[in-house]
Amino acid sequence: MANRLYWLLPLALLSACQNEPKYTQYYNEGQQLYEKHCSNCHQSEGTGLGLVYPPLVNADYMDAHADEVLCLIRYGRKGPLTVNGKEYNQPMPGVPLLTDLEVAEVATYIYNTFGHERGIQDVKEVGEQLKRCEK
Ligand code: HEC
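Reading the values: rules and limits
- Residues numbered from 1 in each chain as written.
- Predicted model: local features only at pLDDT ≥ 70, side-chain atom pairs only at ≥ 80, totals over all residues.
- Heavy atoms only, no water.
- Buried < 20%, exposed > 50% of the residue type's maximum accessible area, 1.4 Å probe, protein only.
- Helix = DSSP H or I, 4+ residues; strand = E, 2+ residues; numbered from the N terminus.
- Arc of directions from axis to C-beta.
- Contact = heavy atoms within 4.5 Å.
- Polar contact = N/O pair within 3.5 Å; in protein donor to acceptor, adjacent residues only side chain to side chain.
- Core = buried A, V, L, I, M, F, W, Y, C linked by side-chain atoms within 4.5 Å.
- Near = heavy atom within 4 Å.
- Phe/Tyr/Trp six-rings, centres within 6.5 Å; stacked < 30°, edge-to-face > 60°.
- Lys NZ or Arg CZ within 6 Å of the ring centre and 35° of its normal.

(A) A look at helix α6 (residues 123-132). For α6, the complete set of buried residues consists of V126, G127, Q129 and L130. Angularly, the buried residues of α6 cover 165 degrees about the axis, an arc narrow enough to put them on a single face. Away from the buried face of α6 by more than 90 degrees, exposed residues K124, E125, K131 and R132 are located. The secondary structure elements touched by the buried residues of α6 are α4 (66-75) and α5 (100-113). Looking at where α6 begins, the residue whose side-chain oxygen comes 3.1 Å from the main-chain nitrogen of K124 is D122.

(B) Spotlight on the nonpolar core. If you look at the biggest cluster of nonpolar residues, it comprises 30 residues, and the most contacted ones within it are Y34, M62, V69, I73, V103, I110 and Y111. With residues up to four places along the chain from it excluded, the contact list for Y111 reads M62, D63, A66, V69, H116, E117 and R118.

(C) View of the side chain of H116. With respect to the helices and strands, H116 occurs in the loop between α5 and α6. Its relative accessible area of 9% is what places H116 among the buried residues. A distance of 3.0 Å separates a polar side-chain atom of H116 from the backbone oxygen of L56. In contact with H116, other than residues within four places in its own chain, are L56, N58, A59, M62, D63, I110 and Y111.

(D) View of the site of the ligand. Close to the ligand lie 26 residues, the nearest being C38, C41, H42, R77 and M92. G79 places a main-chain nitrogen or oxygen 2.7 Å from an oxygen atom of the ligand. Here an oxygen atom of the ligand sits 3.2 Å away from a polar atom, N or O, in the main chain of Q90. For the shell around the ligand, the secondary structure elements donating two or more residues are α2 (39-42), α3 (60-64) and α4. A per-element tally of the shell around the ligand places α4 first, with three residues.

(E) Structural context of the packing of aromatic side chains. Counted according to the given criterion, the structure contains five aromatic pairs. Measuring from centroid to centroid gives 6.0 Å for Y109 and F114, while their planes differ by 80 degrees, and the two rings are edge-to-face. Given the relative accessible area of 4%, F114 is considered buried. Members of the aromatic cluster, joined through ring pairs, are Y23, Y27, Y34, Y109 and F114. A cation over a ring is seen here: R118 above Y111, with NZ or CZ 5.0 Å from the ring centre.

Here it is as structure tokens:
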């Protein structure tokens, strides 16, 4: 048992280091995009605003509907939606000018800042999902 741990630890550290520059880049770019396009409503801390703008912090919606979250970032959304037991129903405008990479960066930022810990959001997978969004 102890022997096995000796091997696992350096391996885990090694893979974390290899991913780091790309992750940091996504995260930092994502933060700037978030401040510019999202924080007006969802607030810098991701708390949302009353019953008008839903929170991103620990939002169960983000865990249950990860694919849809990518779509709403670019295309917006309207209709009722429930986040952590509270209902919201205001239209959210999307940001259609965001590229696939920028959507991946924003997603990386919000998922890893507001209590979801999903790691980097792969730009290829994000692009595939964005093609499936209903416009
Ligand atoms: C004009 C205000 C506004 C802006 C700007 C905005 N949102 Fe929203 N957002 C909303 C509203 C309102 C909803 C609920 C939509 C509904 O009821 O259909 C929502 C829903 C969401 C949800 C799903 C619900 C939740 O809280 O988990 C996520 C995730 C989200 N927004 C992320 C973003 C991101 C990322 C950006 C920036 C690219 C952004 N929003 C920009 C108002 C906004």
